[in-house]
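# Observations on chain architecture
The primary structure of each chain is shown beneath.
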Amino acid sequence: VAKTIEAEKIPELDSHVQDAGTDVVNAKGGKGSATLSMAYAGARFGRSVLAGLSGRRRLECAYCKSDITDLPYFAQKVVLGEGGIVKLLPLGELNE
């Protein structure tokens, strides 16, 4: 999917990702917060962890101990299973 994004649109997308909470507050006209979005993400991840622990594998993104970069911890796609994180998935092709 990332390969289909035009290069000149990437800086704007980066900005939206970094300022997602502010974008939500602005969209609500200053009358709310991004708390619901964070709660939904937490509930979704929690449901996936419980499904994995009960034997139904799930694919999610997680901030975990990783050797995919020089950093000791990194956010990446993982497979959740009966033992928690059962597989770390590669990043795939990256652009500059």
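What comes next is a walk through the structure. As the structure is a computational prediction, the values presented were derived from the model and not from experiment. (Residues numbered from 1 in each chain as written. Predicted model: local features only at pLDDT ≥ 70, side-chain atom pairs only at ≥ 80, totals over all residues. Heavy atoms only, no water.)

### A look at the overall build of the protein
- Secondary structure summary: the protein contains three helices and three strands in total.
- Helices and strands in the protein line up, N terminus first, as α-α-α-β-β-β.
- Relative to a compact globule of 96 residues, whose C-alpha radius of gyration would be 12 Å, the protein shows 16 Å and is clearly more extended.
- Summarising its shape, the C-alpha atoms of the protein cover approximately 45 × 35 × 25 Å along the three principal directions.
- Within the protein, the proportion of its 96 residues that are buried is 15%.
- By sequence separation, contacts in the protein at least 24 residues apart represent 19% of the contacts at least 6 residues apart.
- Entry remark: accessible area of the protein is about 7,700 Å², with carbon and sulfur atoms responsible for 58%.
- Positive and negative side-chain charges of the protein, numbering 12 and 12 respectively, have mean locations separated by a distance of 13 Å. (Helix = DSSP H or I, 4+ residues; strand = E, 2+ residues; numbered from the N terminus. Rg over C-alpha atoms; globule rule 2.2 N^0.38 Å. Buried < 20%, exposed > 50% of the residue type's maximum accessible area, 1.4 Å probe, protein only. Contact = heavy atoms within 4.5 Å. Areas by Shrake-Rupley, 256 points an atom, 1.4 Å probe, with all protein chains shown as cover. Lys, Arg positive; Asp, Glu negative; His and termini not counted. Charge placed at Lys NZ, Arg CZ, Asp CG, Glu CD.)

### Digging into the layout of surface pockets
- Considered as a void within the structure, the second largest pocket measures approximately 160 Å³ in volume.
- Taken together, Cys61, Phe74, Ala75, Gln76, Lys77, Pro90 and Leu91 make up the full set of residues lining the second largest pocket.
- A total of four residues in the lining of the second largest pocket trace back to one element, the largest contributor, which is strand S2 (residues 73-81).
- When its residues are assigned to classes, the lining of the second largest pocket shows five nonpolar, one polar and one charged. (1 Å grid on protein atoms, 1.4 Å probe; cavity = no way out; pocket = protein on both sides within 12 Å on 5 of 7 lines; lining within 4 Å. Points joined across faces, edges and corners; volume = space filled by probe spheres on them. Nonpolar A, V, L, I, M, F, W, Y, C, P; charged D, E, K, R; others polar.)

### As for the sheet that holds strand S3 (residues 84-88)
- With respect to topology, three strands assemble into an open sheet ordered S1-S2-S3, the strand pairing being antiparallel. A strand with exactly one partner marks an edge of an open sheet, and here the two such strands are strand S1 (58-65) and S3. Mean inter-strand twist for the sheet, computed between neighbouring axes without regard to direction, equals 55 degrees.
- Both S2 and S3 contribute to a ladder of four bridges, which runs antiparallel. By the bridge assignment for S3, Leu80 is matched with Ile85.
- The strands touched by helix H3 (residues 35-53) are S1, S2 and S3; relative to S1, the strand with the most contacts, the crossing angle is about 105 degrees. (Pairing = 2+ DSSP bridges. Axes fitted to C-alpha atoms, helices over the stretch in contact; angles between N-to-C directions.)

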